[in-house]
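One letter stands for each residue in the lines below.
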Amino acid sequence: MVQYGFFHPSSGYWETTGWPSDEYLLDYPSGWRQASPKPGENYHFDPDTYTWSPNLQAISRYEVNIERDRRNFLDIVFQGVNFQADQVSRGRISHVLTSAIAAIMAGAQVGDLSWHGQTDDFTWIAKDNTKVPMDAQTLLSLSQVMAERERRLVVAANSIKAMDPIPTDFKTNERYWP
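These notes cover the structure that comes with them. Here the structure is a predicted model, which means the values were calculated and not measured. (Residues numbered from 1 in each chain as written. Predicted model: local features only at pLDDT ≥ 70, side-chain atom pairs only at ≥ 80, totals over all residues. Heavy atoms only, no water.)

### Observations concerning the overall build of the protein chain
Thinking step 1. Regarding its fold elements, the protein chain presents 4 helices and 9 strands.
Thinking step 2. Secondary structure of the protein chain in N-to-C order comes out as β-β-α-β-β-β-α-β-β-α-β-β-α.
Thinking step 3. Taking 2.2 N^0.38 as the reference for a compact globule, 178 residues should give roughly 16 Å; the C-alpha atoms of the protein chain span a radius of gyration of 30 Å, well beyond that estimate.
Thinking step 4. With 178 residues in all, the protein chain has 33% of them scored as buried.
Thinking step 5. For the protein chain, the share of sequence-separated contacts (at least 6 apart) that also reach a separation of at least 24 residues comes to 48%.
Thinking step 6. Surface accessibility of the protein chain: about 11600 Å² in total, with carbon and sulfur atoms responsible for 51%.
Thinking step 7. Averaged over its 16 positive side-chain charges, the protein chain has a centre that lies 6 Å from the centre of its 22 negative ones. (Helix = DSSP H or I, 4+ residues; strand = E, 2+ residues; numbered from the N terminus. Rg over C-alpha atoms; globule rule 2.2 N^0.38 Å. Buried < 20%, exposed > 50% of the residue type's maximum accessible area, 1.4 Å probe, protein only. Contact = heavy atoms within 4.5 Å. Areas by Shrake-Rupley, 256 points an atom, 1.4 Å probe, with all protein chains shown as cover. Lys, Arg positive; Asp, Glu negative; His and termini not counted. Charge placed at Lys NZ, Arg CZ, Asp CG, Glu CD.)

Spelled out as structure tokens, the structure:
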């Protein structure tokens, strides 16, 4: 059997299987028009043009935030060395950063590896588990590089979320990200 579509501004869209009888058509509300049948499940009807359009899956702002955070927690290369930048690693840097800033304010000099007040030289462990000596200023610089990356990702994500619609390739197309 053939499907027929109909539309009325107040009643909306409906379909029949086969053309309705003349008696049945008399019961339709005044002002109805024939429309093409719905081509599939994921389509919406435009009453202004009497056409069907595919529903584009809307991308939520939350999905953009997830991608922003994923990128933010990727490893970071600093002074040619690969460091972990996941949430735990950032927390560890944040804890020791306060001591580094205090040491700089107290006069710790560039190259001073004992700025942390212990008997051993201060080192930070790289992703490959090598110990990288760092003075307070270098640790501060590492933290600033991570903070700047996060700032740039937040700005980029904000720009993506302002797009209407959000591009479906926002995760894979590097042109959207710093």
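### Quick look at the side chain of Thr138
Thinking step 1. With respect to the element layout, Thr138 can be found in helix α4 (residues 136-161).
Thinking step 2. Separated by 2.6 Å, the side chains of Thr138 and Asp135 make a polar contact. (Polar contact = N/O pair within 3.5 Å; in protein donor to acceptor, adjacent residues only side chain to side chain.)

### Brief notes about the nonpolar core
Thinking step 1. Core analysis: the largest hydrophobic core is formed by 19 residues, its most contacted members being Phe83, Trp115, Phe122, Trp124, Met134, Leu139 and Leu142.
Thinking step 2. The set of elements that each furnish at least two residues to this core consists of β6 (76-78), α3 (87-105) and α4.
Thinking step 3. Ignoring anything within four residues of it in the chain, the contact list for Met134 reads Phe83, Leu113, Trp115, Phe122, Thr123, Trp124, Leu139 and Leu142.
Thinking step 4. In terms of nonpolar packing, the next biggest core, distinct from the first, is built from 10 residues, Val64, Ala157, Ile160 and Phe170 among them. (Core = buried A, V, L, I, M, F, W, Y, C linked by side-chain atoms within 4.5 Å.)

### As for unusual backbone geometry
Thinking step 1. Following Asp164, the chain continues into Pro165 via a peptide bond in cis, with omega recorded as 0 degrees.
Thinking step 2. Relative to the helices and strands, Pro165 is located in the segment after α4.
Thinking step 3. With a phi angle near 50 degrees, Gln79 is a residue other than glycine that sits in the positive phi range.
Thinking step 4. Here Gln79 is to be found in the loop between β6 and β7 (81-83).
Thinking step 5. Judged by its relative accessible area of 62%, Gln79 falls in the exposed class.
Thinking step 6. The backbone of Asn129 shows a phi angle near 70 degrees, a positive value even though the residue is not glycine.
Thinking step 7. According to the relative accessible area criterion, Asn129 is exposed, its value standing at 62%.

### Let's talk about the packing of helix α2 (residues 61-72) against α4
Thinking step 1. It is at 10 Å that the axes of α2 and α4 come closest, and there the two elements cross at 160 degrees. Viewed along their axes, α2 and α4 adopt a mutual orientation that is roughly antiparallel. Helix-helix and strand crossings are classified by hand; for α2 and α4 the assignment is right-handed. Seen from α2, the contacting residues are Arg61, Val64, Asn65, Arg68, Arg71 and Asn72; seen from α4, they are Met146, Arg149, Glu150, Leu153, Val154, Ala157, Ile160 and Lys161.
Thinking step 2. Partitioned by chemical class, the residues of the contact of α2 with α4 number 6 nonpolar, 2 polar and 6 charged. (Axes fitted to C-alpha atoms, helices over the stretch in contact; angles between N-to-C directions. Parallel < 35°, antiparallel > 145°, perpendicular 65-115°, else oblique. Left-handed = near helix turned anticlockwise from the far one by under 90°. Nonpolar A, V, L, I, M, F, W, Y, C, P; charged D, E, K, R; others polar.)

### Digging into the sheet that holds strand β1 (residues 3-8)
Thinking step 1. Strand order in the open sheet formed by 3 strands is β2-β1-β3, and the pairing between neighbours is antiparallel. Of all strands in the sheet, those with a lone pairing partner are β2 (12-17) and β3 (33-35), marking the two edges. With direction set aside, neighbouring strand axes in the sheet form an average angle of 35 degrees.
Thinking step 2. The sheet contact formed by β1 and β2 spans 6 bridges and is antiparallel. The partner of Gln3 across the bridge, within β2, is Thr17. (Pairing = 2+ DSSP bridges.)

So yeah, pure geometry; function would need other evidence.
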